[in-house]
Amino acid sequence: MTSVRKIYQRAIVTPTHHVEQLWRDYENFENSISRALAKGLVSEYQPKYNSARAVYRERKKYTDEIDWNMLAIPPSGSSKEEMQWMAWKKLLAFEKANPQRIDSASANKRIVFTYEQCLMFLYHYPDIWYEYATWHAKAGSVDSAIKVFQRALKALPDSEMLRYAYAELEESRGAIQAAKKVYESLFGDGSNASALSHIQFIRFLRRSEGVEAARKYFVDARKSPNCTYHVYVAYAMMAFCLDKDAKMAHNVFEAGLKRFMHEPGYILEYADFLYRLNDDRNIRALFERALSSLPPEESVEVWKKFTQFEQTYGDLASMLKVEQRRKEALSRTGDDGASELESSLHDVVSRYSFMDLWPCSSNDLDHLARQEWLARNINKKTDKPTLGIEAGSEDKTTSGVSSNTNPPAKVVYPDTSKMTVYDPRQIPGPAALAAPSASGTLPYSGPFSSNGPPIALNDILKSLPPAFAAFVANLPAVEGPSPDADFVISVCLQSNIPAATGKSGTASLPLQSGAAPSTSDLSDSSKFRPRDRQPGKRKDMDRQEDDESTTMQSQPLPRDLFKIRQLQKNRVTNSSRVTSSYTGSASYGSALSGDLSGSTS
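Residues numbered from 1 in each chain as written. Predicted model: local features only at pLDDT ≥ 70, side-chain atom pairs only at ≥ 80, totals over all residues. Heavy atoms only, no water.

### A look at the overall build of the protein
What the protein contains, in helices and strands, is 28 helices and zero strands. Expressed as a percentage of its 601 residues, the buried residues of the protein come to 33%. Look at the contacts in the protein between residues 6 or more apart in sequence, and 59% of them connect residues 24 or more apart. For the protein, the exposed surface amounts to about 36,300 Å²; the carbon and sulfur share of it is 55%. (Helix = DSSP H or I, 4+ residues; strand = E, 2+ residues; numbered from the N terminus. Buried < 20%, exposed > 50% of the residue type's maximum accessible area, 1.4 Å probe, protein only. Contact = heavy atoms within 4.5 Å. Areas by Shrake-Rupley, 256 points an atom, 1.4 Å probe, with all protein chains shown as cover.)

What follows is the structure, encoded as structure tokens:
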């Protein structure tokens, strides 16, 4: 009985599944033995049980977000993997907070267990390995941290980050030889060693074995095929800043200059070093040597640095001379060389500015930058705007776009060759394209065909009805928000658009007399079959509809698009009988109105 009581008391304070059922069983167990003793024991363990139940519910919220069927694959950047990474991070942070308030040894066991669980799924994530190892190191178990790093390098052998972190841990505890082996493992057979690994190993040797060991390795690293100018810069600055040996640093830079004269980055680093020495004579000599060998397209930053140097060390004559030379050199790289040689106010601004202090306001800077851009592009030919195709039209005024030799931005026009007549009853997909339609009977269907070659803007406008062409030609080419569609439709419906003549030469109907059928109406002849063959009822309906349409047309149209379409619905029935005999001769106004009403019906 005593052993069972102890097991119950351990179980009810552990946040595990079915802890509520365990608590009820424990109460029944104590009450079955002695109610007097049960009252004291239950009141003693009640707060502990409540705490365990709260911790279990909190932990369950984090574990429910984890996909326990996830495979341990390298991260691909998918949203699911990121969500799993976040879920594991939340669970690890929860366990590190020790919500159960247990002793440190037991809490550490729970954290280790959670990390091992996490690595079963996030096996290829270097940040989890690093976090696991550093947690061991901070907890005082350096040997466990080293074992984690060794496991991490087996899992991710190509990760330089983990190798540097492992070498850092070994060096921090005084194991220099072990750290040196980690650095040497970065080199492999020597051919795969990167410039960064050479630099970091030189710094490690300088810290651990002294200046002579670092210098000896630098001499060997210079012979490596992967040695870049970064190795020279790193060793020279180490000799200058740590060893206080300016002569050695200068010799290293000079040795690298013979090999990396064509590298603008190396020239700039060498110039910065000479800046610190305040050696203006050698700086000028360096710039002259470098600019004589660098091609113009790669010397932009060097010329900029040379100009800044003259603004600091030179007089007015030397400043102007260097700026003029810079313009002459860089003007050869562009087509507008003559405009580059001219002086501008922008040169004065750059000459008399310092750090974030400017001799003008921000608006003036924007204005000068804008003027400089316009000056560079003043002689460039602008393409004539077309509807998404090559320019084939010589008259730009018909499109409604005013000619501008220096447009602020290229205007993008839609490709009308891809446009089709809209019919809401069409079936989307290939079936709709293969379905027969009567769009060929419309006067404006030809230019929008996507089968033939691209059609110029003038040809499109010529094939449109006169009223529609005039409307399109008067449209402004303005970049901005789209207009209110309901307002535009209401204005068009209330306007008295002049009648036009169709291809057959037959006079078309005005807007007030009724609406012509849309393209979809022409293709569907079943819509115009009379449904009601009783003449008496038909006459009464026509008379009633005429009265209603007359009353509605006498009132001003509302702004609401839904109400406008309801009014147009009532006009369709009356106009369908009249317009059925005008196939191919509908006017622009009636076609527009009929298309609207047919679409809404």
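Structure shown, so let's carry the discussion forward.
### Quick look at the confidence of the model for the protein
Summarising the model, the protein shows a mean pLDDT of 76, and 67% of its residues fall at 70 or more. Note that residues 335-339 has pLDDT below 50 and, in this model, three contacts with residues that lie over four places away or in other chains. Note on residues 427-454: pLDDT under 50 across the span, and 35 contacts to partners over four residues away in sequence or across chains. (pLDDT = per-residue confidence, 0-100.)

### Observations concerning the layout of surface pockets
By volume, the second largest pocket amounts to about 1,200 Å³. In terms of lining residues, the second largest pocket is bounded by 37 residues, among which R326, H346, D347, S350 and R351 are the most central. For the lining of the second largest pocket, the secondary structure elements donating two or more residues are α16 (300-313), α17 (316-330), α18 (337-340), α19 (345-351) and α20 (362-376). It is α16 that provides the largest number of residues to the lining of the second largest pocket, a total of nine residues. When its residues are assigned to classes, the lining of the second largest pocket shows 13 nonpolar, 12 polar and 12 charged. (1 Å grid on protein atoms, 1.4 Å probe; cavity = no way out; pocket = protein on both sides within 12 Å on 5 of 7 lines; lining within 4 Å. Points joined across faces, edges and corners; volume = space filled by probe spheres on them. Nonpolar A, V, L, I, M, F, W, Y, C, P; charged D, E, K, R; others polar.)

### Things to note about the pattern of salt bridges
Inspection of every chain in the model, using the stated rule, returns 23 salt bridges. When the shortest N-O distance is used, the salt bridge between K80 and D67 registers 3.5 Å. Residue K80 is located in helix α4 (residues 79-96), and its partner D67 is located in the loop between α3 (35-63) and α4; the two are separated by 13 residues in the primary sequence. Given a relative accessible area of 54%, K80 falls into the exposed group. Where R110 meets E95, a salt bridge forms, and the shortest distance between an N and an O atom there is 3.3 Å. Of this pair, R110 sits in helix α5 (residues 104-121) while E95 sits in helix α4, and the two are 15 residues apart along the sequence. Relative accessible area serves as the criterion here: at 29%, R110 is assigned to the partly exposed category. Ionic contacts of the salt-bridge type, sharing partners, join the residues R59, E95 and R110 into one network. (Salt bridge = Lys/Arg side-chain N within 4 Å of Asp/Glu carboxyl O.)

### Things to note about the environment of I102
Note that I102 resides in the loop between α4 and α5. With sequence-adjacent residues up to four places away left out, I102 is seen in contact with A107 and R110.

### Observations concerning unusual backbone geometry
One non-glycine residue, K244, adopts positive backbone phi at about 55°. Its identity is not glycine, yet M355 carries a phi of approximately 55°, on the positive side. Position of M355 relative to the elements: it lies in the loop between α19 and α20. Judged by its relative accessible area of 70%, M355 falls in the exposed class.

### Some points on the packing of α5 against helix α6 (residues 126-138)
At a minimum axis distance of 11 Å, the contact between α5 and α6 shows a crossing angle of 165°. On the basis of the axis angle, α5 is roughly antiparallel to α6. When you trace α5 past α6, the crossing you get is left-handed. Of the residues in α6, those in contact with N108, I111, V112, Y115, E116, C118 and L119 of α5 are I128, W129, E131, Y132, W135 and H136. Partitioning the contact of α5 with α6 into residue classes produces nine nonpolar, two polar and two charged. (Axes fitted to C-alpha atoms, helices over the stretch in contact; angles between N-to-C directions. Parallel < 35°, antiparallel > 145°, perpendicular 65-115°, else oblique. Left-handed = near helix turned anticlockwise from the far one by under 90°.)

### Things to note about the packing of helix α14 (residues 264-277) against α16
Running from amino to carboxyl end, α14 crosses α16 at an angle of 15°, the nearest separation of the two axes being 10 Å. With respect to their mutual orientation, α14 and α16 come out roughly parallel. In terms of crossing hand, the pair formed by α14 and α16 is left-handed. Of the residues in α16, those in contact with P264, I267, L268, D272 and Y275 of α14 are E301, V302, K305, Q308, F309 and Y313. Taken together, the residues that form the contact of α14 with α16 break down as seven nonpolar, one polar and three charged.

### A short note on the nonpolar core
By size, the foremost hydrophobic cluster in this structure holds 84 residues, and its most contacted members are I202, F253, Y266 and F273. Top contributing element to this core by residue count: helix α12 (residues 229-241), with 10 residues. Setting aside residues up to four positions removed in sequence, F273 forms contacts with M237, F240, A246, A249, H250 and F253. If you look at the next biggest cluster of nonpolar residues, it comprises nine residues, including I12, V19, F29 and Y45. (Core = buried A, V, L, I, M, F, W, Y, C linked by side-chain atoms within 4.5 Å.)

### Let's talk about helix α13 (residues 246-257)
Under the 1.5 Å per step criterion, the end-to-end length of α13 is 16 Å for 12 residues, consistent within 8% with the ideal 16 Å. When α13 is considered as a whole, its buried residues turn out to be A249, V252, F253, G256 and L257. Buried residues along α13 cover an arc of 140° about the axis, so they all sit on one side. Check the buried side of α13 and you find it contacts α11 (211-221), α12, α14 and α15 (280-293). With a side-chain oxygen positioned 3.4 Å from the backbone nitrogen of K247, the residue opening α13 is D245. (Expected span 1.5 Å × (residues − 1). Arc of directions from axis to C-beta. Polar contact = N/O pair within 3.5 Å; in protein donor to acceptor, adjacent residues only side chain to side chain.)

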